[in-house]
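# Observations on chain architecture
Each chain, letter by letter, is given below.
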Amino acid sequence: MEPSEAHENESGASAMWRQFQARAKPLLSPKLGSGDPEEKRDRGGWMFKKMRRKEDAVLDRVISSSQPDLLYSAPAAAAAAQLCGKAAAGGSGLGLEKPTSPSLNKSTLAHLVQSHHKSSSLGSACLEKLAEPPGGGGGISGSSGGSGGSGEAETQMESRDEPGMAAPGSSGVDPAVPSSAMYKLEVELKRGNNLAVRDRGGSSDPYVKFKMAGKEVFRSKTINKNLNPVWEEKTTLIMDCLSDPLYVKVFDYDFGFQDDFMGSAHLYLESLEQQRTIPVTLELKDPNHPDQVLGSLDLAVTLTPKDSPVEERRDSPTMLLRRSWKRSTKQQRLSELHRKSQLWRGIVSISLIQGRNLTPMDPNGLSDPYVKFKLGTQKYRSKTMPKTLNPQWRQQFDLNLYEETGGVLEISVWDKDTGKRDDLIGRCQLDLSTLSKEQTHHLDLALEESRGYVVLLVTLTASAHVSIADLSVTPLDDPQERREILARYSAWRSFSNLKDVGIVQVKVMRAEGLMAADVTGKSDPFCVLELNNDRLQTHTVYKNLNPEWNKVFTFNVKDMFSVLAVTVFDEDRDRNADFLGKVAIPLLSVRNGEQKSYMLKNKELTRRSKGAIYLEVEVLYNTVKAALKTAVPAEQKYIEDEPKVSKQLLQQNFNRVKRCIMVLISYGAYINSCFEWESTQRSIISFVLFVVVVWNLELYMLPMALLLLLVWNYFFSSGRESSDTEAEPKGFMDKLYAVQEVLVSVQSALGEVASHAERIKNSVNWTVPFLSWLAMAAMCVATVVLYLVPLRYLVLAWGVNKFTKKLRDPYRIDNNELLDFLSRVPSDVQVMQYRGLKVAPGPSPNKRRKPPPS
């Protein structure tokens, strides 16, 4: 290059830099134009850094609300790279075309901000090139070094034009360092083997942490009292290089104290084979005691490469910006991931029939077996069959298939032990891909770790009608699709596919006034919809107490008596989601096409929580199928929570039973008032009605009487109890007295029931021979009377006696002859109390005691 051309390029670059300073002067600093040129250059660099921070803030706001994939968009990457190339070329002073407008750099920045929806890393790279100081090659201002500077610029230009090469002066990448790429690491934590003992009981409560680059990226759940824990947990990590190993640490959880270290290991990612799942066993070691054996961990690791749009150093500002946006990028892809991962492709119907020849696990030579099933994240637990080695479960349930290949069904048989950990009897696996669809398979599966078999009936069926869509694409709003659905559930198809009862469409609009769950006074709410064991959820709206989801969910209805549960959670990055509110909607109470505001409740659905959610629910179903469904067992939850002792629940259940008993007592008191002639008119009507009914009694009159009761309650019911009433909060002493009253009442009721049952038993086992002879005589007389006299006459005579007893003797004390007889029979407690003790043999009183030795 000639010196004159270099001078011309250098002067052009200086003029461009001065134009940029003039544009930035009114925006950033009113005193930028004062001082010498060198000071202006320094201040201009400082001001552009400040402007760059503002642009970064704009990009942060843009990316936090965008939806597309920011890392792997090829067209966006090409467009942003073209913009970066123009900016770099225009400011390098290498003879390229100069900007024709003084707002070139400003428009370039605006284009970069707009294109950041498509490529965050490229946008940041362009900002870096625009922000480079005048002395750096490839910046906005050219080099000020004469011919030597221009020669350096030519070298950079040649390396930039060559594909796959990075210029040290332009991008800041050392040629010796390989270019970085994006990788996805999927890690499945399977189990631990022979872990170290850290508790006094000879066991541990282990959990596992994953760290990368000094930051914790995963923490497993805690398995209590187990040295061979089974986690079966998965996590996915996105990384930009393979030089940092995955640091795995195991700890023993101690409540209230510092957790104990149980060992650690490193997983070096550079040595992994890519694009295939590799089983890995990590031997745990203690750096302070390398010879100590601490057990091992079993993992399954899958490393998948993803090419990055821009080659950068790991420690470059763009890569640091990308790391800070990693969570935002993940959040933006959640909506599409939820859409794909939540929709199941089929249904596995499993009938658990029986077990045969199971291994005895209890000292009595028997077991209390139950079965656990696991398919992906779905779990089901059967009922427990006590004291048997050949249990008959006879239970049926459905699991959803999320994989086209079917997946692997894991089956384990356990022995229930009260007060200690359940024992594993055996386990087996069933590969669903080997089973043909739309056909019932009878399977006898042998347990792998012990003897015995589990008998199943397994059927794979096609996918149910389930979908997630936006408000613009709703299945029931499409006239053609709506006609097809109505035809499918018409009366003409009442006896085809009885399991497919109907369809429910739920439009989740928005929520208002939610509870603030984060320290910032905001929440990150998402909504979960559950219909029996089917579960779908919306995307997360971040930093918002009035989120708008505008999603449409479609479920297949297998039972019209199911309840749609809608729960709002707050997403937390490092722990479980926080509960914000819940609402339960019975499908039979839905009014189609009505958008309604539902006030959120607490977890128990007994009290009001903060906020409301707006839903529109529509249900289409076949009435005949819904009626036939009532004659089969209802679908149960896969995994029910273990019952826990709760004083509040005990009092609540006691009050429920008490209310039912009081209703029966009130009916009995009403009937007894007719016998007592408290109201002459009512007693006369009751007596005449009793005589007519008993004289003409037929079997068909029993359901007719229940029908009349239902009709009476339908038209003349005094009103249902309000479910919105909330009990007033009680103090500690009030709660204590209430619990004490419940315990005393339960204790007395159980004692009365047990006493009457024992008295009936003792009256027939000759505990008191006189009463047993008397009972025998009464039974003989009753047998003869029932043989000779029709039952209708006996009931009529009993009723006339009851109605006229008060008239014949107004001062007679009412009694029950049968209870009076049983009161004379002692219960088992009284029998033990009345039993005399035998005289213990002892020395004769006349026998002289020997004097003690002196």
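Below or above, wherever it landed, is the structure these notes cover. Here the structure is a predicted model, which is why all the values come from computation and not from measurement.

### A few points about the environment of Asn622
Position of Asn622 relative to the elements: it lies in the loop between strand S25 (608–621) and helix H12 (623–629). As a C-alpha pair, Asn622 and Asp500 span 122 residues in sequence and 8.9 Å in three-dimensional space. Setting aside chain neighbours within four positions, we find Asn622 in contact with Tyr489, Ser490, Ala491, Arg493, Ser494 and Val501. In terms of polar contacts, Asn622 uses its side chain to reach the backbone carbonyl oxygen of Tyr489, at 3.3 Å.

### Some details on the sheet that holds strand S2 (residues 206–212)
Strand order in the open sheet formed by four strands is S3-S2-S5-S6, with antiparallel pairing between adjacent strands. Strands with a single pairing partner mark the edges of an open sheet, and in this sheet they are strand S3 (215–219) and strand S6 (260–267). Going from strand to strand, the sheet's axes swing by 25 degrees on average, the running direction of each strand aside.

### Topic: the packing of helix H14 (residues 680–695) against helix H18 (residues 791–808)
With their axes 9 Å apart at the nearest point, H14 and H18 run at an angle of 170 degrees to one another. With respect to H18, the axis of H14 lies roughly antiparallel. On H18, the residues touching Ser683, Ser686, Phe687, Phe690, Val691, Val694 and Trp695 of H14 are Arg792, Tyr793, Val795, Leu796, Gly799, Val800 and Phe803. Its residues assigned to classes, the contact of H14 with H18 shows 10 nonpolar, three polar and one charged.

### Notes on the pattern of salt bridges
Applying the stated criterion to the full structure yields 12 salt bridges. The salt bridge involving Arg356 is made with Asp444; its shortest N-O contact spans 3.6 Å. Here Arg356 is found in strand S9 (residues 346–356), whereas its partner Asp444 is found in strand S15 (residues 440–446), with 88 residues between them in sequence. Given a relative accessible area of 39%, Asp444 falls into the partly exposed group. One salt bridge connects Glu676 with Lys806, and the closest N-O pair in it is separated by 3.5 Å. Here Glu676, found in the loop between helix H13 (647–675) and H14, pairs with Lys806, found in helix H18; they are 130 residues apart in sequence, far enough to count as distant. On the basis of relative accessible area, Lys806 is assigned to the partly exposed category, the value being 28%. Look at the salt bridges and you will find they share partners, linking Asp477, Lys507 and Glu616 into a network.

### Structural notes on a positive patch on the surface
A surface patch of like charges, here positive, comprises Lys221, Lys372, Lys379 and Arg421. Along the polypeptide, Lys221 turns up in the loop between S3 and strand S4 (230–239).

### Here's the deal with the pairing of strand S13 (residues 408–415)
With six of its eight residues buried, S13 lies for the most part within the structure. Note: strand S10 (residues 369–375) against S13, six bridges, orientation antiparallel. Residue pairing for S13: Pro369 is matched across the bridge by Asp415. Pairing of S13 with strand S14 (residues 423–431) involves eight bridges; the strand directions are antiparallel. What sits directly across from Ser412, in S14, is Arg427.

### Some points on the sheet that holds S13
Sheet architecture is open: four strands sit in the order S11-S10-S13-S14, paired in antiparallel fashion. In this open sheet, the two strands that pair with only one neighbour each are strand S11 (378–381) and S14. Strand after strand, the sheet turns through a mean of 15 degrees between neighbouring axes, direction not considered.

### Considering H13
Spacing of three or four residues puts side chains on the same side of an α-helix, whose turn is 3.6 residues. Under the 1.5 Å per step criterion, the end-to-end length of H13 is 41 Å for 29 residues, consistent within 8% with the ideal 42 Å. Along H13, the residues classified as buried are Gln651, Phe654, Ser673, Cys674 and Phe675. Phi for Trp677, located one or two positions after H13, is positive at around 60 degrees.

### Side note on unusual backbone geometry
One non-glycine residue, Lys543, lies in the positive phi region at around 55 degrees. With respect to the element layout, Lys543 can be found in the loop between strand S20 (534–537) and strand S21 (548–557). Positive phi is not limited to glycine here, since Trp766 has a value of about 60 degrees. Looking at where Trp766 falls in the secondary structure, it is placed in the loop between helix H16 (732–764) and helix H17 (769–788). Residue classification places Trp766 among the partly exposed residues on the basis of a relative accessible area of 37%.

The rules we used
Residues numbered from 1 in each chain as written. Predicted model: local features only at pLDDT ≥ 70, side-chain atom pairs only at ≥ 80, totals over all residues. Heavy atoms only, no water. Helix = DSSP H or I, 4+ residues; strand = E, 2+ residues; numbered from the N terminus. Contact = heavy atoms within 4.5 Å. Polar contact = N/O pair within 3.5 Å; in protein donor to acceptor, adjacent residues only side chain to side chain. Pairing = 2+ DSSP bridges. Axes fitted to C-alpha atoms, helices over the stretch in contact; angles between N-to-C directions. Parallel < 35°, antiparallel > 145°, perpendicular 65-115°, else oblique. Nonpolar A, V, L, I, M, F, W, Y, C, P; charged D, E, K, R; others polar. Salt bridge = Lys/Arg side-chain N within 4 Å of Asp/Glu carboxyl O. Buried < 20%, exposed > 50% of the residue type's maximum accessible area, 1.4 Å probe, protein only. Patch = residues over 30% accessible without salt bridge, like charges linked within 9 Å, V, L, I, M, F, W, Y side chains within 5 Å. Areas by Shrake-Rupley, 256 points an atom, 1.4 Å probe, with all protein chains shown as cover. Lys, Arg positive; Asp, Glu negative; His and termini not counted. Charge placed at Lys NZ, Arg CZ, Asp CG, Glu CD. Expected span 1.5 Å × (residues − 1).

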